[in-house]
Amino acid sequence: DGGITQSPKYLFRKEGQNVTLSCEQNLNHDAMYWYRQDPGQGLRLIYYSQIVNDFQKGDIAEGYSVSREKKESFPLTVTSAQKNPTAFYLCASSTPGTNNYGYTFGSGTRLTVV
Amino acid sequence: AQRVTQPEKLLSVFKGAPVELKCNYSYSGSPELFWYVQYSRQRLQLLLRHISRESIKGFTADLNKGETSFHLKKPFAQEEDSAMYYCALPGPAGGTSYGKLTFGQGTILTVHP
């Protein structure tokens, strides 16, 4: 069953800690994306990667880091430098250049700073 | 820079009433546009895309280049249409943002019985 899996579903972080959110896909998609969803602000792009071993900053990359060592995986680290990390994080994948730009989204991770 | 604007954060209608969710964009060139939907406790998913000119779940959207709009419409709303709706615009082909979607702020649609 193909899809995109995010884990964990809920994550609690203490002040000053780094945490890593997992995103795995078995859709053979080339591109992967991380978005942050906040009420009233829609989806804002954090980082994206169009191919393995390459990634670009999105609109709100400060305080976040990513890696793309495998096509299937695109983990997001929320560092202690991120001033307001409490949010819902969505991972997506796609294959640009096909007739379908449609993204496949994961079910999300809700991060709360305690 | 490309931009997507959804002016209404919240939209409430009664069952059977027509509904229109507004989306305006700024883009140089010929855009492709999408509507995504997120039902309660479900993943965000593609509802329809401009290029295929399809009707999904009774929803349609027409690209109006003169008004730079891509409003989502349904003639008779149903309770199960209650959800968060996002309008989205991809980066231009050949550019560095190719494949990257810019989303609007989202509109929460509530259909009352």
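Thresholds applied
- Numbering of residues starts from 1 in every chain and runs along the sequence as written.
- All chains are assigned letters beginning with A, and all ligands numbers beginning with 1, in the order in which they are written.
- Per-residue local features are limited, in this predicted model, to residues with pLDDT of at least 70; the limit for side-chain atom pairs, both in listing and counting, is 80 or more; totals at the level of whole chains, interfaces and linings are taken over all residues.
- Derived side-chain values reflect all non-hydrogen atoms in the structure, with water molecules and hydrogen atoms excluded from consideration.
- Here, two residues are considered to be in contact whenever any of their heavy atoms come within 4.5 Å of each other.
- The term buried area denotes the loss of accessible surface (1.4 Å probe radius) that occurs when two parts are joined, taken as the sum for both partners.
- Every case where a carboxyl oxygen of Asp or Glu lies within 4 Å of a side-chain nitrogen of Lys or Arg is listed as a salt bridge.
- What qualifies as a polar contact is a pair of N or O atoms within 3.5 Å, subject to a donor-acceptor requirement within protein and to the restriction that residues adjacent in sequence count only when both atoms come from side chains.
- Counting from the N terminus, the helices are DSSP H or I runs at least four residues long and the strands are E runs at least two residues long.
- Residue burial is assigned from relative accessible area. The probe radius is 1.4 Å, only protein chains are included, and a residue is buried under 20% of its type maximum, exposed over 50%, and partly exposed in between.
- A pair of strands is considered paired only if DSSP assigns at least 2 bridges between the two.
- With axes taken as lines fitted to C-alpha atoms, and helix axes fitted only over the stretch in contact, angles between N-to-C directions fall between 0 and 180 degrees.
- The rule for a disulfide is simple: a pair of cysteine sulfur atoms within 2.5 Å.

1. Side note on the interface of chain B and chain A
Counting residues at the interface gives 22 residues for chain B and 23 residues for chain A. Counting each side, the surface lost to burial between chain B and chain A is near 1900 Å², with a carbon and sulfur contribution of 53%. Taken together, the links from chain B to chain A amount to zero salt bridges. Summed over the shared surface of chain B and chain A, the result is eight residue pairs in polar contact (both at pLDDT 80 or more). Contributions of two or more residues to the side of chain B that touches chain A are made by strand E5 (34–38), strand E6 (45–49), strand E9 (83–90) and strand E10 (101–103) of chain B.

2. Concerning the side chain of Ser49 of chain A
Residues and elements named next belong to chain A. Considering the arrangement of structural elements, one finds Ser49 in strand E5 (residues 42–51). On the accessibility criterion, Ser49 (0% relative accessible area) is buried. Looking at Ser49, its side chain comes within polar contact range of the main-chain oxygen of Ile51, at 2.9 Å. From its side chain, Ser49 meets the backbone oxygen of Asp54 in a polar contact 2.6 Å long.

3. A few points about the sheet that holds strand E1 (residues 4–7) of chain A
All names here are of chain A. Taken in spatial order, the four strands make up an open sheet running E1-E3-E8-E7, and their pairing is antiparallel. Sheet topology places E1 and strand E7 (64–66) at the edges, where each strand pairs with a single neighbour. Each strand axis lies, on average, 20° off the axis of its neighbour in the sheet, ignoring direction. Both strand E3 (residues 19–25) and strand E8 (residues 76–78) contribute to a ladder of three bridges, which runs antiparallel. Bridging across to E8, Thr20 finds its partner in Thr77.

4. A few points about the environment of Gln6 of chain B
Residues and elements named next belong to chain B. Following the sequence through the fold, Gln6 ends up in the loop between strand E1 (3–5) and strand E2 (10–14). In this structure, the C-alpha to C-alpha distance between Gln6 and Gln105, residues 99 residues apart in sequence, is 5.9 Å. Gln6 has contacts with Lys22, Trp35, Tyr85, Tyr86, Cys87, Gly104, Gln105, Gly106 and Thr107, leaving out every residue within four places of it along the chain. At 3.1 Å, the side chain of Gln6 forms a polar contact with the backbone nitrogen of Gly106.

5. Here's the deal with the state of the cysteines
Residues and elements named next belong to chain A. Tallying each qualifying case throughout the model produces two disulfides over all chains. The disulfide that involves Cys23 links it to Cys91, with 1.9 Å between the sulfurs. Taking the sign of the S-S torsion, -75° for the link of Cys23 and Cys91, the bridge is left-handed. Remark: Cys91 occurs in strand E9 (residues 87–94) and Cys23 occurs in strand E3; sequence separation between them is 68 residues.

6. With respect to the pattern of salt bridges
If charged atoms from side chains of opposite charge come close, those side chains can pair. Evaluation of the coordinates by the stated rule reveals six salt bridges over all chains. Close ionic contact of Lys71 of chain A with Asp30 of chain A constitutes a salt bridge, the shortest N to O distance being 3.3 Å. Placement of the pair is Lys71 of chain A in the loop between E7 and E8 and Asp30 of chain A in the loop between E3 and strand E4 (31–38), with a sequence separation of 41 residues. A salt bridge links Glu20 of chain B to Lys73 of chain B; the nearest nitrogen and oxygen atoms lie 3.6 Å apart. Taken together, the positions of Glu20 of chain B in strand E3 (residues 19–21) and Lys73 of chain B in strand E8 (residues 72–74) put the pair 53 residues apart, joining distant regions of the chain. Judged by relative accessible area, which is 29%, Glu20 of chain B ranks as partly exposed. Looking at Lys73 of chain B, the relative accessible area reads 38%, which means it is partly exposed.

Everything listed here is a matter of geometry and, on its own, says nothing about what the molecule does.
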